[in-house]
Amino acid sequence: MWGAAVACPVMHTICVDHPLVAHKLATLRETQTGSVIFRALTEELVMLLAYEATRGLATCDVQVTTPVAPMQGVHLARPRPMVVPVLRAGLGMLAGMLQLVPIAEVGFVGLVRDEDSLEATTYAERIPSDLSGRQVFVLDPMLATGGTLITVIDSMLARGARDVTAIVLLAAPEGLARLAEAYDHRDVEVTLVTAAIDERLNERGYIVPGLGDAGDRLFGVV
Ligand code: URA
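Peer 1: Go over the nonpolar core, please, and point to the residues and values.
Peer 2: Residues Leu28, Met97 and Ile167 are the most contacted members of the largest nonpolar core, which totals 37 residues. Elements represented by at least two residues in this core include exactly strand E2 (12-17), helix H1 (19-29), helix H2 (35-53), helix H3 (91-100), strand E9 (135-139) and helix H6 (214-219). In terms of residues, this core owes the most to one element, H2, which gives 8 residues. Beyond its immediate chain neighbours, meaning those up to four positions away, Met97 contacts Val46, Ala50, Thr54, Val83, Phe137, Leu139 and Ile167. Counting residues in hydrophobic clusters, the runner-up holds 31 residues, among them Met11, Val84, Val164 and Ala166.

Peer 1: So, the environment of Asp17: which residues are in play, and what are the values?
Peer 2: Within the secondary structure, Asp17 is located in strand E2. We classify Asp17 as partly exposed; its relative accessible area is 47%. Spatially, the C-alpha atoms of Asp17 and Gly34 are 25 Å apart, while their sequence positions differ by 17 residues.

Peer 1: Tell me about the layout of surface pockets, and please be specific about residues and values.
Peer 2: The calculated volume of the largest pocket comes to roughly 680 Å³. Lining the largest pocket we find 26 residues, and of these Ala89, Arg113, Glu115, Asp213 and Gly215 sit closest to its centre. Going through the elements one at a time, strand E5 (82-87), strand E7 (108-113), strand E10 (142-143), helix H4 (147-158) and H6 are the ones with two or more residues in the lining of the largest pocket. Approximately 200 Å³ is the volume found for the second largest pocket. Lining the second largest pocket are 14 residues, and of these His12, Ala53, Gly56, Thr165 and Thr191 sit closest to its centre. Residue assignment for the lining of the second largest pocket shows that the elements contributing at least two residues are E2, H2, E9, strand E11 (163-167) and strand E13 (189-194). Here the lining of the second largest pocket is built from residues that sort into 4 nonpolar, 6 polar and 4 charged.

Peer 1: Hey, could you go over the packing of H2 against H3 for me, with residue numbers and the actual values?
Peer 2: Orientation of H2 relative to H3, taken along the N-to-C sense of each, is 50°, at an axis distance of 8 Å. One way to sum up the angle between H2 and H3 is to call them oblique. Of the two elements, H2 crosses H3, and the hand of that crossing is right-handed. Across the interface between the two elements, Thr42, Glu43, Val46, Met47, Ala50 and Tyr51 of H2 pack against Gly92, Met93, Ala95, Gly96, Met97, Gln99 and Leu100 of H3. Counted by class, the contact of H2 with H3 contains 8 nonpolar, 4 polar and 1 charged residues.

Peer 1: Now, about the site of the ligand: what can you tell me, with residues and values included?
Peer 2: Around the ligand, the structure places Arg113, Met142, Ala144, Gly205, Tyr206, Ile207, Gly212, Asp213 and Ala214. Within the backbone of Ala214, one N or O atom sits 2.8 Å away from an oxygen atom of the ligand. Taking 240 Å² as the accessible area of the ligand by itself, protein coverage stands at 88%. The cavity that encloses the ligand is the largest pocket. Split by residue class, the shell around the ligand holds 5 nonpolar, 2 polar and 2 charged.

Peer 1: Can you lay out the pattern of salt bridges for me, pointing to particular residues and giving the numbers?
Peer 2: If you walk through the whole model with that rule in mind, you get 9 salt bridges. A salt bridge links Asp216 to Arg88; its shortest N-O distance comes to 2.7 Å. Residue Asp216 is found in helix H6, and its partner Arg88 is found in the loop between E5 and H3; the two are separated by 128 residues along the sequence. A residue is classified by how much of its surface remains accessible, and Asp216, at 23% relative accessible area, is partly exposed. Judged by relative accessible area, which is 30%, Arg88 ranks as partly exposed. Between Glu105 and Arg134 there is a salt bridge, with its nearest N and O atoms 2.7 Å apart. Here Arg134 lies in the loop between strand E8 (120-126) and E9 and Glu105 lies in strand E6 (residues 105-106), a separation of 29 residues in the sequence. Through salt bridges with shared partners, a single ionic network connects Arg80, Glu105 and Arg134.

Parameters and conventions
Residues numbered from 1 in each chain as written. Predicted model: local features only at pLDDT ≥ 70, side-chain atom pairs only at ≥ 80, totals over all residues. Heavy atoms only, no water. Core = buried A, V, L, I, M, F, W, Y, C linked by side-chain atoms within 4.5 Å. Buried < 20%, exposed > 50% of the residue type's maximum accessible area, 1.4 Å probe, protein only. Helix = DSSP H or I, 4+ residues; strand = E, 2+ residues; numbered from the N terminus. Contact = heavy atoms within 4.5 Å. 1 Å grid on protein atoms, 1.4 Å probe; cavity = no way out; pocket = protein on both sides within 12 Å on 5 of 7 lines; lining within 4 Å. Points joined across faces, edges and corners; volume = space filled by probe spheres on them. Nonpolar A, V, L, I, M, F, W, Y, C, P; charged D, E, K, R; others polar. Axes fitted to C-alpha atoms, helices over the stretch in contact; angles between N-to-C directions. Parallel < 35°, antiparallel > 145°, perpendicular 65-115°, else oblique. Left-handed = near helix turned anticlockwise from the far one by under 90°. Near = heavy atom within 4 Å. Polar contact = N/O pair within 3.5 Å; in protein donor to acceptor, adjacent residues only side chain to side chain. Areas by Shrake-Rupley, 256 points an atom, 1.4 Å probe, with all protein chains shown as cover. Sits in = over half its atoms within 2 Å of the grid points. Salt bridge = Lys/Arg side-chain N within 4 Å of Asp/Glu carboxyl O.

And the structure:
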């Protein structure tokens, strides 16, 4: 294994502890990093995080004939994993995820956060109605209050998914606590994979020290 993953006490949380992740994350956070580099770094970080996040992907045995001898290998099992980027910032993570898992199917969900109440509301959804037996990977760069991720994960569980992994770049302790409260007692497999757990949220719901607004930094301010 080339990437040490630190299991954290809350829920099933994996904080990927690796020098490459730490280096890229520090550059990503830097105010001077413009959107071209920010997008490239996000893609690279997602590939590193996804390597850990996909460790439990289901496989099936296949017969392979090498130039030397027949052998038994494995392929990823069907049904194909489902990747769900949360619009808008999660779109910046999709390319990295698909580089690693090109056979995945992609669903989309759009949520907008009210800047006063910090509540998330869904404005778009393109997800199969039946996700039973599917391993689902939700992509959203920032776990802040947890409202967005809980809304999305609940939607996946309501469609029959029982194994949902959220991949984020940064997590706040407040969001982790809300996720644990939501899923610790339930008979579902919910995992969070992150590159770092930061100090706290500020009064505007931003992660401190964080990296600012991930959507704006990826795509420019709207
Ligand atoms: N969303 C962001 O883009 N940044 C934060 O710090 C919190 C939520």
